[in-house]
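# A look at the structure
Given next are the chains, with one letter for each unit.
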Amino acid sequence: MLEKIILHKHKEVALLKKEISIESLKQKPFFNRKTISFKNAIRNGSGIIAEFKRKSPSKGIINDSVDVIEITQGYASAGASALSVLTDTEFFGGQISDLEIARSYNEIPILRKDFMIDEFQIYRAKASGADLILLIAAVLSPKKCLELAQKAKELNLEILLEIHAEEELEQVKEIAHLVDAVGVNNRNLKTFTVDIEESMRLFDKIQKIKQGSKNDFVVISESGLSEVETVLKLKEKGFQGFLMGEHFMKHQNPAKACKEFIEKL
Ligand SMILES: O=C(O)c1ccccc1NCC(=O)[C@H](O)[C@H](O)COP(=O)(O)O
């Protein structure tokens, strides 16, 4: 699935680069805004990163009759530390305008959740109001990952580096000095099964890298989270952030679901 997404992403980005110049992105009002620190927000709040997600390859349509303003404002009022907004259209039904709208109506950090493969997307993330971008180790060579991380830093964006498996820890080592968050994605992208134990297995190894790098990034668990007890177990292990999409979005009132979840933490 990841291969299929990335193949499509290369075509999408090539087309966009023909239509939109980096110079024009630099002229957008959000491009020069002061970003809000995701890392600080995670450390000082509930740790919940609430995701705006209409559909996904694993679940199909989750909720496609949703209003981005109502839901993201609802998440923020519910006590989410940060928002994650999916901007991929083909596989997740998102739009870059979802991010721009969410930015216009919220004052908490926002992750542009997309498959970043080219610096153009980082300029676009900044121009559309993101505070943080996602780098997925499984789809980037170490060289590309470093290049994109450096570009993000140059634009004052924070970085969430996502891993799925132990083999990707090497990549964490390579750019540990640059990242603001390391996330373990519990979803196996071949089988789509989610296993929270993946987070548990990798936590101590990530901590070791963190100590070695002397960079105090936050550690996040992503995907398949739906039980308060699971989040409490992950918190006890040492995880600081929890990325949750489907559990809130499948609810008739995602903001209410988010509020009730955070109240129980
Ligand atoms: O969600 C998917 O099906 C998916 C498939 C292929 C690549 C990425 C995918 N999800 C992206 C995410 O990381 C999740 O949206 C995020 O962690 C929230 O997960 P969940 O709470 O399970 O909706």
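Residues numbered from 1 in each chain as written. Predicted model: local features only at pLDDT ≥ 70, side-chain atom pairs only at ≥ 80, totals over all residues.

As a further point, take the overall build of the protein. When its secondary structure is counted, the protein shows 12 helices and 10 strands. Rg of the C-alpha trace for the protein: 17 Å, near the compact-globule value of 18 Å for 265 residues, within the 12% margin. Based on the C-alpha atoms only, the size of the protein along its principal axes is roughly 50 × 45 × 35 Å. Counting all 265 residues of the protein, 46% fall into the buried class. Here the analysis covers contacts within the protein between residues at least 6 apart in sequence; of these, 69% occur between residues at least 24 apart. (Helix = DSSP H or I, 4+ residues; strand = E, 2+ residues; numbered from the N terminus. Rg over C-alpha atoms; globule rule 2.2 N^0.38 Å. Buried ≥ 20, exposed ≤ 12 C-beta atoms within 10 Å, placed from the backbone. Contact = placed C-beta atoms within 7 Å.)

Examined against the element boundaries, L132 turns out to sit in strand 6 (residues 132–136). Given 27 C-beta atoms within a 10 Å radius, L132 is considered buried. With 103 residues separating them in the primary sequence, L132 and K235 have C-alpha atoms 22 Å apart. If we ignore the near neighbours within four places in the chain, the residues touching L132 are F38, P109, L111, L157, E158, I159 and L160.

Here we come to the UniProt feature "domain: Indole-3-glycerol phosphate synthase" (unreviewed entry) in the protein. The UniProt entry lists residues 2–260 under the feature "domain: Indole-3-glycerol phosphate synthase" (unreviewed entry), expressed in the numbering used here. The span residues 2–260 shows a helical share of 46% and a strand share of 17%, and its end C-alpha atoms are spaced 33 Å apart. (UniProt positions renumbered as here; feature names shortened; annotations may be inferred.)

Axis separation between helix 4 (residues 68–78) and helix 12 (residues 254–264) bottoms out at 8 Å; the angle between their running directions is 15°. The angle between helix 4 and helix 12 places the two elements in the roughly parallel class. When you trace helix 4 past helix 12, the crossing you get is right-handed. Each of I71, G74, Y75, S77 and A78 in helix 4 lies in contact with helix 12, whose residues at this interface are P254, A255, C258, K259 and I262. The residue inventory of the contact of helix 4 with helix 12, partitioned by class, reads 7 nonpolar, 2 polar and 1 charged. (Axes fitted to C-alpha atoms, helices over the stretch in contact; angles between N-to-C directions. Parallel < 35°, antiparallel > 145°, perpendicular 65-115°, else oblique. Left-handed = near helix turned anticlockwise from the far one by under 90°. Nonpolar A, V, L, I, M, F, W, Y, C, P; charged D, E, K, R; others polar.)

Taken in spatial order, the 8 strands close into a barrel running 1-4-5-6-7-8-9-10, and their pairing is parallel. Taken over all neighbouring pairs, the strand axes of this sheet differ in orientation by 25° on average, direction set aside. With 5 bridges joining them, strand 8 (residues 181–185) and strand 9 (residues 218–222) adopt parallel strand pairing. The residue of strand 9 that forms the bridge with V184 is S221. Helix 7 (residues 142–154) rests against strand 6 and strand 7 (158–163) of the sheet, and its axis sits at about 175° to strand 6. (Pairing = 2+ DSSP bridges.)

This part is about the environment of I48. Counting through the fold element by element, I48 comes out in strand 1 (residues 48–52). For the pair formed by I48 and S81, sequence separation is 33 residues and the distance between their alpha carbons is 5.5 Å. Each residue touching I48, except ones within four places of it in the same chain, is listed here: A80, S81, F242, M244 and I262.

Bringing the site of the ligand into the picture now. Close contacts around the ligand come from 18 residues, with S56, S58, S223, G245 and E246 the closest. When residues of the shell around the ligand are traced back to their parent elements, those giving at least two are strand 10 (241–244) and helix 11 (246–249). Residues belonging to the shell around the ligand are distributed by class as follows: 6 nonpolar, 7 polar and 5 charged. (Near = placed C-beta within 6 Å.)

Each pair of packed helices gets described by two things: the angle between the helix axes and the distance between those axes. Between helix 4 and helix 5 (residues 96–105), whose axes approach to 9 Å, the crossing angle comes to 50°. Taken as axis vectors, helix 4 and helix 5 run oblique relative to one another. Considering only the axes of helix 4 and helix 5, their crossing is right-handed. Touching V68, I69, T72 and Q73 of helix 4 are D98, I101, A102 and Y105, all from helix 5.

Another aspect to go through is the nonpolar core. Counting residues in hydrophobic clusters, the biggest one holds 75 residues, and the most contacted among them are A80, L83, I133 and L135. Those residues in contact with L83 that sit more than four places away from it in its chain are A50, F52, T72, Y75, A76, A102, N106, I108, I110 and L111. (Core = buried A, V, L, I, M, F, W, Y, C linked by C-beta atoms within 7 Å.)

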